[in-house]
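Per-entry structural report
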2 protein chains.
Amino acid sequence: MALRHAVLAALLDGEYSGYQLAKAFDIGVANFWHALPQQLYAELAKLEKDGLVAGRQVVQETRPTKRLFHVTEAGRAELEAFAAAAAKPSFIRDDLLVKVQAADRVGTGPVIGQLEERATAADAKIELLGVLLRQLRGEADEEEFLLRGERIGPYLTCLRGLAFEREHRDWCRRIAAVLRERQKINAQG
Amino acid sequence: MALRHAVLAALLDGEYSGYQLAKAFDIGVANFWHALPQQLYAELAKLEKDGLVAGRQVVQETRPTKRLFHVTEAGRAELEAFAAAAAKPSFIRDDLLVKVQAADRVGTGPVIGQLEERATAADAKIELLGVLLRQLRGEADEEEFLLRGERIGPYLTCLRGLAFEREHRDWCRRIAAVLRERQKINAQG
DNA sequence: TACTGATACTCAAGAAAATGACTAGTCAGT
DNA sequence: ACTGACTAGTCATTTTCTTGAGTATCAGTA
């Protein structure tokens, strides 16, 4: 029971359809919780069955009918209990790091390429997060917003995401450079 | 097929028993791949069945008999192919971030406590990684080691882990401070 | 006019991971 | 003599995740 709370937390900011939720996960929530759309639909169904979210049908003229969900009182209570309980240790899984761990025992060429791709992707994500953060805080500067803003939760997690992406990008570029240098040295020696 | 390659990569540095592998995962590999001991035993059994690792029994006098595993040629080839294939996007999951996302909609008291615990745990991890890195690079300084060292894979992933833990610690402390400040302001207002 | 891409989902099969309990001997300290 | 921690695993069950496919409509583009 874990995705459950991530969905509830994401849904705190208003009504979302499963589809919209999947988008929100891609941008914001993905900074701390990865999930595929199918999982979200399944989880929403379970949450509704358990009365933690409620949905309402919205018929649209030009688009398929959708169902918008919001968190119920029971859902809020569930989140409250979750927040008070001990957190599990965080965890990461990253293929690319597995490859780097194996570096200098397997061919590094493709790994260097992947590190550079990742760095580029991180650049894009950093820009995206920058835009998102500016939107979230509106006119206020950050300090002011963090102290007086109404809804800072998503802002705080995006800040974490931004820091993560920056570190990740820098690491990828540095490691790619190191591996390239080593290739040169080995070619010479 | 994912844990599989993490195990192979971890096993590149010598022979390990399942138990030792579990330790190695806790310290180094956990920086990019989280797995429980039971999973490792199960994965080792599968890898052996598939001929990607081979084990040998070691009878000990004072300790239970153990089985030490090493990567076979087929295992190395498997890793090689893995390194060349496209990497999946990394993913993170963190309960604590879910709680922060929900912050200012649920009680923040316990969350502040957990942020501080995390920061303290991160401090310990940072120290541990510092020691590990010093061990790995021996006498050489970092630049020199990265360019000429024989085996830099684990060093590189530990560097990533270190950067991650630092960022995480700083973020936790900052967010804890922000949430505390907001509690004060709300108490006054 | 055909094609692409976005919206808005659903279903099912199979792989992978998490959980909890269990065995069994050693060693250090109270 | 007892306790708790460490070594070194195994087993079974359940939960969760991934993969891949399928449905349907509409808007914009070439």
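See the structure above.
What comes next is a walk through the structure. As the structure is a prediction and not an experimental result, all values here were calculated from the model. (Residues numbered from 1 in each chain as written. Chains lettered and ligands numbered in written order. Predicted model: local features only at pLDDT ≥ 70, side-chain atom pairs only at ≥ 80, totals over all residues. Heavy atoms only, no water.)

Tallying secondary structure elements over chain A gives eight helices and three strands in all. The linear arrangement of helices and strands in chain A, starting from the amino end, is α-α-α-β-β-α-β-α-α-α-α. In terms of overall dimensions, chain A has C-alpha extents of about 70 × 45 × 40 Å along its principal axes. Taken across its 189 residues, chain A has 47% of its residues classed as buried. Residue pairs at least 24 apart in sequence account for 60% of intrachain contacts in chain A once pairs closer than 6 positions are excluded. (Helix = DSSP H or I, 4+ residues; strand = E, 2+ residues; numbered from the N terminus. Buried < 20%, exposed > 50% of the residue type's maximum accessible area, 1.4 Å probe, protein only. Contact = heavy atoms within 4.5 Å.)

Attention now goes to the pattern of salt bridges. Inspection of every chain in the model, using the stated rule, returns 37 salt bridges over all chains. In this structure, Arg-169 of chain A and Asp-170 of chain A form a salt bridge, with 3.2 Å as the shortest nitrogen-oxygen distance. Assessed through its relative accessible area of 42%, Asp-170 of chain A is described here as partly exposed. Taking the shortest distance from any N to any O, the salt bridge between Asp-104 of chain B and Arg-182 of chain B comes out at 3.8 Å. One end of the pair, Asp-104 of chain B, is in the loop between helix 5 (95-102) and helix 6 (109-137); the other, Arg-182 of chain B, is in helix 8 (residues 153-188), with 78 residues separating them in the sequence. Asp-104 of chain B gets classed as partly exposed once you look at its relative accessible area, which sits at 24%. (Salt bridge = Lys/Arg side-chain N within 4 Å of Asp/Glu carboxyl O.)

So, about the protein's contact with DNA strand C. Taken together, 24 residues lie near DNA strand C, and Lys-23, Tyr-41 and Gln-60 of chain A together with Met-1 and Gln-39 of chain B sit nearest. For DNA strand C, the backbone makes up 75% of the atoms found within 4 Å of the protein, where backbone means sugar plus phosphate. The side chain of Gln-60 of chain A places a nitrogen or oxygen atom 2.7 Å from a phosphate oxygen of DNA strand C. A distance of 3.5 Å separates a phosphate oxygen of DNA strand C from a polar side-chain atom of Lys-88 of chain A. (Near = heavy atom within 4 Å. Polar contact = N/O pair within 3.5 Å; in protein donor to acceptor, adjacent residues only side chain to side chain.)

What follows concerns the interface of chain A and chain B. Chain A puts 73 residues into the contact, and the matching count from chain B is 73 residues. Summing the contributions of chain A and of chain B, the shared interface buries around 7100 Å²; its carbon and sulfur component is 59%. On the chain A side of the interface with chain B, the three residues burying the most area are Arg-93, Gln-101 and Arg-160 of chain A, jointly 12% of the side's total. At the junction of chain A with chain B, the criterion picks out eight salt bridges. (Buried area = accessible area lost by both parts, 1.4 Å probe.)

With respect to the helices and strands, Asn-31 of chain B occurs in the loop between helix 2 (18-27) and helix 3 (37-49). Since its relative accessible area comes to 9%, Asn-31 of chain B is described here as buried. Side-chain polar atoms of Asn-31 of chain B contact the backbone oxygen of Gly-28 of chain B, separated by 2.9 Å. Ignoring anything within four residues of it in the chain, the contact list for Asn-31 of chain B reads Ile-92 of chain A together with Lys-125, Leu-129, Thr-157, Cys-158 and Gly-161 of chain B.

If you check the shell around DNA strand D, you find 22 residues, and the closest are Met-1 of chain A together with Lys-23, Tyr-41, Gln-60 and Arg-93 of chain B. Near-protein atoms of DNA strand D (within 4 Å) split between backbone and bases, with sugar and phosphate holding 69%. Within the contact set of DNA strand D, a phosphate oxygen lies 3.5 Å away from a backbone nitrogen or oxygen of Gly-18 of chain B. Backbone polar atom of Arg-67 of chain B to a phosphate oxygen of DNA strand D: 3.2 Å apart, as the coordinates give it. Of all the secondary-structure elements, those providing two or more residues to the surface near DNA strand D are helix 3 (37-49) of chain A together with helix 2, helix 3, strand 2 (66-71) and strand 3 (91-93) of chain B. A per-class count over the surface near DNA strand D returns six nonpolar, nine polar and seven charged. (Nonpolar A, V, L, I, M, F, W, Y, C, P; charged D, E, K, R; others polar.)

The description of an aromatic ring pair rests on the distance of the ring centres and on the angle between the ring planes. Throughout the structure, instances matching the rule amount to four aromatic pairs over all chains. For the cation-ring pair, Arg-160 of chain A lies above Phe-164 of chain B, with the distance from its terminal atom to the ring centre recorded as 5.2 Å. The side chain of Lys-99 of chain B reaches across the aromatic face of Phe-82 of chain A, ending 4.9 Å from its centre. (Phe/Tyr/Trp six-rings, centres within 6.5 Å; stacked < 30°, edge-to-face > 60°. Lys NZ or Arg CZ within 6 Å of the ring centre and 35° of its normal.)

The next subject is the side chain of Glu-43 of chain A. All names here are of chain A. On the secondary structure map, Glu-43 appears in helix 3. For Glu-43, a relative accessible area of 8% corresponds to the buried category. In this structure, Glu-43 is in contact with Leu-3, Arg-4 and Val-7, ignoring residues within four places of it in sequence.

Okay, the environment of Gln-188 of chain A next. Topologically, Gln-188 of chain A is positioned in helix 8 (residues 153-188). Separated by 138 residues in the primary sequence, Gln-188 of chain A and Asp-50 of chain A place their C-alpha atoms 66 Å from one another.

The element helix 5 (residues 95-102) of chain A is extensively covered by neighbouring structure, given that eight of its eight residues are classed as buried. Among all positions of helix 5 of chain A, only Asp-95, Leu-96, Leu-97, Val-98, Lys-99, Val-100, Gln-101 and Ala-102 of chain A are buried. On its buried face, helix 5 of chain A sits against strand 3 (91-93), helix 6 (109-137) and helix 8 of chain A together with helix 1 (3-11), helix 4 (73-84) and helix 8 of chain B. Among the residues of helix 5 of chain A, the N-terminal cap falls to Asp-94 of chain A, whose side-chain oxygen and the backbone nitrogen of Leu-96 of chain A are separated by 2.9 Å. Once helix 5 of chain A finishes, Asp-104 of chain A follows within two positions and takes phi at roughly 70°, a positive value.

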